[in-house]
Amino acid sequence: MSLIGRFATAAAVTSFAATVAVWTADAAPGATNATPVGAAIFQSKGCAACHSGPDSSSSFGDQPSLVDAPTWAAQRRPGMSATDYLRESVRNPSVFVSPAFVDSGGPTDGMPDLGLTVAEIDAVVEYLLVTN
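Residues numbered from 1 in each chain as written. Predicted model: local features only at pLDDT ≥ 70, side-chain atom pairs only at ≥ 80, totals over all residues. Heavy atoms only, no water.

**Considering the environment of C50**
- Mapped onto the secondary structure, C50 falls in helix α3 (residues 47-50).
- Beyond its immediate stretch of four places on either side in the chain, C50 contacts S58, F60 and Q63. (Helix = DSSP H or I, 4+ residues; strand = E, 2+ residues; numbered from the N terminus. Contact = heavy atoms within 4.5 Å.)

**Some points on the nonpolar core**
- Core analysis: the largest hydrophobic core is formed by 21 residues, its most contacted members being I41, F42, W72, A73, L86 and L128.
- At the level of elements, α2 (34-44), α3, α4 (69-76), α5 (82-91) and α6 (118-129) are the ones that each hand at least two residues to this core.
- Looking at this core, the element that brings in the most residues is α6, giving 6 residues. (Core = buried A, V, L, I, M, F, W, Y, C linked by side-chain atoms within 4.5 Å. Buried < 20%, exposed > 50% of the residue type's maximum accessible area, 1.4 Å probe, protein only.)

**Some points on the environment of D113**
- With respect to the helices, strands and loops of the structure, D113 is situated in the loop between α5 and α6.
- Judged by its relative accessible area of 69%, D113 is exposed.
- In sequence terms D113 and P93 are 20 residues apart; their C-alpha atoms lie 8.0 Å from each other.

**Notes on the side chain of S58**
- Structurally, S58 can be placed in the loop between α3 and α4.
- Ignoring any residue separated from it by four or fewer positions in sequence, one finds S58 in contact with A48, A49, C50, H51 and S52.

**A closer look at the packing of aromatic side chains**
- For the structure shown, the criterion picks out 3 aromatic pairs.
- Aromatic pair F42 and Y127: ring centres 5.4 Å apart, planes at 55°, arrangement tilted. One end of the pair, F42, is in helix α2; the other, Y127, is in helix α6, with 85 residues separating them in the sequence.
- Both rings, one in Y85 and one in F96, keep their centres 5.9 Å apart while their planes meet at 75°; by these two values the pair is edge-to-face. Of the two residues, Y85 sits in helix α5 while F96 sits in the loop between α5 and α6, which places them 11 residues apart along the sequence.
- Exposure remark for Y85: the relative accessible area of 3% places this residue in the buried category.
- In this structure F96 comes out as partly exposed when scored by relative accessible area, which is 25%.
- Following the ring pairs from residue to residue traces out a cluster consisting of W72, Y85 and F96. (Phe/Tyr/Trp six-rings, centres within 6.5 Å; stacked < 30°, edge-to-face > 60°.)

**Thoughts on the packing of α5 against α6**
- Running from amino to carboxyl end, α5 crosses α6 at an angle of 130°, the nearest separation of the two axes being 10 Å. As the angle between them shows, α5 and α6 are arranged oblique. Considering the relative orientation of α5 and α6, their crossing is right-handed. Contact residues: α5 offers A82, T83, L86, R87, V90 and R91, while α6 offers I121, D122, V125, L128 and L129. (Axes fitted to C-alpha atoms, helices over the stretch in contact; angles between N-to-C directions. Parallel < 35°, antiparallel > 145°, perpendicular 65-115°, else oblique. Left-handed = near helix turned anticlockwise from the far one by under 90°.)

Here's what the structure looks like:
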């Protein structure tokens, strides 16, 4: 590997380690490392624009609130755990449309595909299911 390649690799590893350290330092007592990651994804991918989350309020306020997901997600679809229900809802939102969904006549008629990776979906789901 060239000197520049080694330098770039070292810089990437250092940056990743620093990011994880910041996420860990910001985590609430008892929260896992994925919780801050999930919160960041919830904000940066636009989830918070339409949905209120555990520590945020939506910009529009008319879509299903995800604030109390630990209390209702396991009952939404019989036979599905809260984790499985939320994963499915993010990955394939049209499979089961929440009874709390309101078609407001906006730019979409449902939740858009946000192009999240499996790891991002898992981090968001963990974030939504953290109880304080």
